[in-house]
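Letter by letter, the chains look like this.
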Amino acid sequence: MMKKKYFINANILDPHNSIDEVGGLIVGETGLIEAVGKKVNTNNIPAREKVIDLKGKHIFPGLVDMRVFVGEPGYEYKENFRTLSNAALSGGVTSAVTMPNTDPIIDNVSIVDFLKRRGRDKSKINIFPTASLTKGSEGTNMTEFGLLQSKGIIGFTDGTKTIQNTRVMARIMNSASDLDSLIMQHAEDFELSKDGMINEGIIATKLGLQGIPEMAELIIIERDLTLLNYIKCRYHISQISSGKSVDLIRDKKENLKFSCGVSINNLSLNENDIGDFKTFLKLSPPLRTEEDRVNLVQGLKDETIDVIVSDHKPEDEEQKRLTFAQAATGATGIETLLSLSLELYHNESLKLNTIIKALTSNPAKILKIDKGNLNVGNDADFCIVDVNKPWIVKQENLISKSKNTSIENKKLQGKVTNTFVKGEELFKL
Amino acid sequence: MATKTKAVKISQKHLLGIQDLSVSDVNLILDEASTFIDLNKSKNKKLDILKGKTQINLFFEPSTRTQSSFELAGKRLGADVMSMNITNSAIKKGETLIDTAMTLNAMHPDIIVIRHQDSGACNLLSQKVNCAVLNAGDGKREHPTQALLDALTIINRKKKIQGLKIAICGDILHSRVARSNIYLLNMLGAEVNIVAPTNLMPKDIEKFGVNVFSDMKKGVKDCDIVMMLRLQNERMTSSFLSSNREYYEYYGLTPDKLSYAKKDCIIMHPGPMNRGIEIDTKLADDTNMSVVKEQVELGVAIRMACLKIFCE
């Protein structure tokens, strides 16, 4: 049993319950939310109770990050559940969907037990593991969606890989339809993107790096949505990078039900940031043009894009201190996800509600989990945020075990000051 | 050159690409190289300008002419030249480029010449060593000394670059020579045409300020210079092109296609040539038009100039 906590004078934003008001939050002795909103104030809190006055700071539901790579099992030197959860907490993330691209790959029931146990014992946040769509993520034989789901797998994805074979994809969608499984596709035609490293265009030509055409993304989206026309299932595009994808998805959403995500990197950076071969900005999908970035922001604004993810991909320094061609792909980002997203609020690109919705209630809805909200009676997973606090991203201050941030030295505005999981304060600035 | 900006000092510590150079940097190198042309033809070719200096050639890709050219250039200036044989080195045993750089750096070289299959490898190396780094070709990015020797060859023949019309033809997509030449020739005031099948044309290349052609006859029309690029054999196997004979038919330099260029047009090729694929063998050997041998000869002078300037 913990002590009951009373927070007052907070800007409470909970898109799930359409709460956007100054008020308070009461966390009960068992770590559940007892009350929330403007009705929680000093007038109805017993005078003997100690209240915490947040003086206008924000309370958001704990973030739900739909795309996180953890090194466990196999790459513990990059990130383990303990370091991941500490990094997540410092960024206000209380629920993370982990990718199956580990060693071994999460593709069978026996390894799920290990994963759930490690996640439960070592992680302080809620871990929702995915399994691969196909055995070994090889794109040929599908995994046991039903059995894996019954063991607690939240959804299926080949992570960094895409199902290239259309027939296999159709069969996967049929099974997903039968079993109500969530399919998350990384959209990339590997023949078109072969040897590609950055966006195809002037920068790639100038740097002499093989480009990845936006066609590679569009073709898979077009194909999958054509299939979805015939085979209704829970289909989610993990992350898009091209402005043309936004147009295509906006168009298709008129008649089809599916969802779509975007990495905060693609929302905040563009190909120019690669500069003089910065390997920390070698990402998949690649950073594209400023026009693409602006279109992605627009996609969030008009709800064509549902979710913002960190695409947190820890890589140790050795994998990045190489030539661009040899360097590993990916950047960490779980601890800067919210702060970097807030940049879009401060520069008036997006409303705060749009951003928080894409980080909390929207992913929860797609995943069908009761997270990312401040429902009374639910686990008190939330964060307290000073949305104006300035800070500078420094590798040495990052908590994640790997330091490959895409935004080293970036000045950000807005920082999580406290994070609670099940009512317990697990992070304090 | 019509207008000349005189410089006495190079603006860069390293020679990584033409992109980083200013017009006065380029003129400094070209002027310096001119002084070595006659020396290279004389009986006693040895100078002691770089006496006591150490030059390391680090070639990760096989190269005959560039490596020997750099080696000769260093020796003629009196430097101690060491050429690393990569096939026997620790790199084959898994050492990273940065570790190799650290190791070499500890031996206090004055200049490192690097050729690497990855674009940007020379940039990475230059961040990790104390000495000057000369790029002898990195991936598909740049080959600055090739462009400089091409410019010197053109000046030698045409007495200028400003106002010339120059066609660069062939596998532009994979060519660092093309990229460096586009930067340099544009900088020196030439009009540059790029000729290639679309499959071998890099995306957005027109933004470099060049005219783009997929029809070779149109591309070489009224040109003063036709610069051919080497076509690598593996381009046939990966569906970039259908066959050698079709490529020769449409993009090989033949007397017929050359007739569209100016009468006094000269032909250039960075070598090694694929006779009968990108160039007609008789044209390749026509010493009135083909300046291929001159390019090799002046290459040594250019590399001597670069070694001297960047060693200082």
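Up top you'll find the structure we're talking about.
Predicted, not measured: the structure shown is a model, and the values here were computed from it. (Residues numbered from 1 in each chain as written. Chains lettered and ligands numbered in written order. Predicted model: local features only at pLDDT ≥ 70, side-chain atom pairs only at ≥ 80, totals over all residues. Heavy atoms only, no water.)

Topic: helix 5 (residues 144–158) of chain B
Residue and element names in this part refer to chain B. The end-to-end C-alpha separation of helix 5 is 21 Å, in line with the 21 Å expected for 15 residues at 1.5 Å each. Of all 15 residues that make up helix 5, 13 are buried, and the element is covered over most of its length. Immediately downstream of helix 5, the backbone of Lys 159 shows phi near 65 degrees, a positive value. (Helix = DSSP H or I, 4+ residues; strand = E, 2+ residues; numbered from the N terminus. Expected span 1.5 Å × (residues − 1). Buried < 20%, exposed > 50% of the residue type's maximum accessible area, 1.4 Å probe, protein only.)

Digging into the interface of chain B and chain A
A common way to express how large an interface is: the accessible area buried when the components associate. Listed as interface residues are 23 residues of chain B and, on the opposing side, 16 residues of chain A. For the pair chain B and chain A, the summed buried surface comes to about 1600 Å²; carbon and sulfur atoms form 56% of the total. Seen at the junction of chain B and chain A, the total is 0 salt bridges. There are 8 residue pairs in polar contact (both at pLDDT 80 or more) connecting chain B and chain A. Counting residues per element, the side of chain B that touches chain A draws most heavily on helix 4 (residues 121–128) of chain B, which supplies 4 residues. The class makeup of the residues in the side of chain B that touches chain A is 9 nonpolar, 7 polar and 7 charged. (Contact = heavy atoms within 4.5 Å. Buried area = accessible area lost by both parts, 1.4 Å probe. Salt bridge = Lys/Arg side-chain N within 4 Å of Asp/Glu carboxyl O. Polar contact = N/O pair within 3.5 Å; in protein donor to acceptor, adjacent residues only side chain to side chain. Nonpolar A, V, L, I, M, F, W, Y, C, P; charged D, E, K, R; others polar.)

Structural notes on the sheet that holds strand 4 (residues 132–138) of chain B
Residue and element names in this part refer to chain B. Within the open sheet, the 4 strands sit side by side as 2-1-3-4. Their pairing is parallel. The strands lining the two open edges of the sheet, one partner per strand, are strand 2 (80–85) and strand 4. Along the sheet, successive strands turn relative to each other by an average axial angle of 15 degrees, direction set aside. Bridge count for strand 1 (residues 54–59) against strand 2 is 6 bridges, and the pairing is parallel. (Pairing = 2+ DSSP bridges. Axes fitted to C-alpha atoms, helices over the stretch in contact; angles between N-to-C directions.)

Describing the pairing of strand 6 (residues 191–195) of chain B
All names here are of chain B. In terms of residue burial, strand 6 counts as a mostly covered element, since 4 of its 5 residues are buried. Two elements, strand 5 (residues 165–169) and strand 6, share 5 bridges in a ladder whose sense is parallel. The partner of Ile 166 across the bridge, within strand 6, is Val 192. One crossover worth recording links strand 5 to the parallel strand 6 by way of helix 6 (residues 176–187), and it is right-handed. In this sheet, strand 7 (residues 211–213) lies alongside strand 6 in parallel orientation, the contact comprising 3 bridges. Within strand 7, the residue paired with Asn 193 across the bridge is Asn 211. (Right-handed = clockwise from strand over helix to strand, strands pointing away.)

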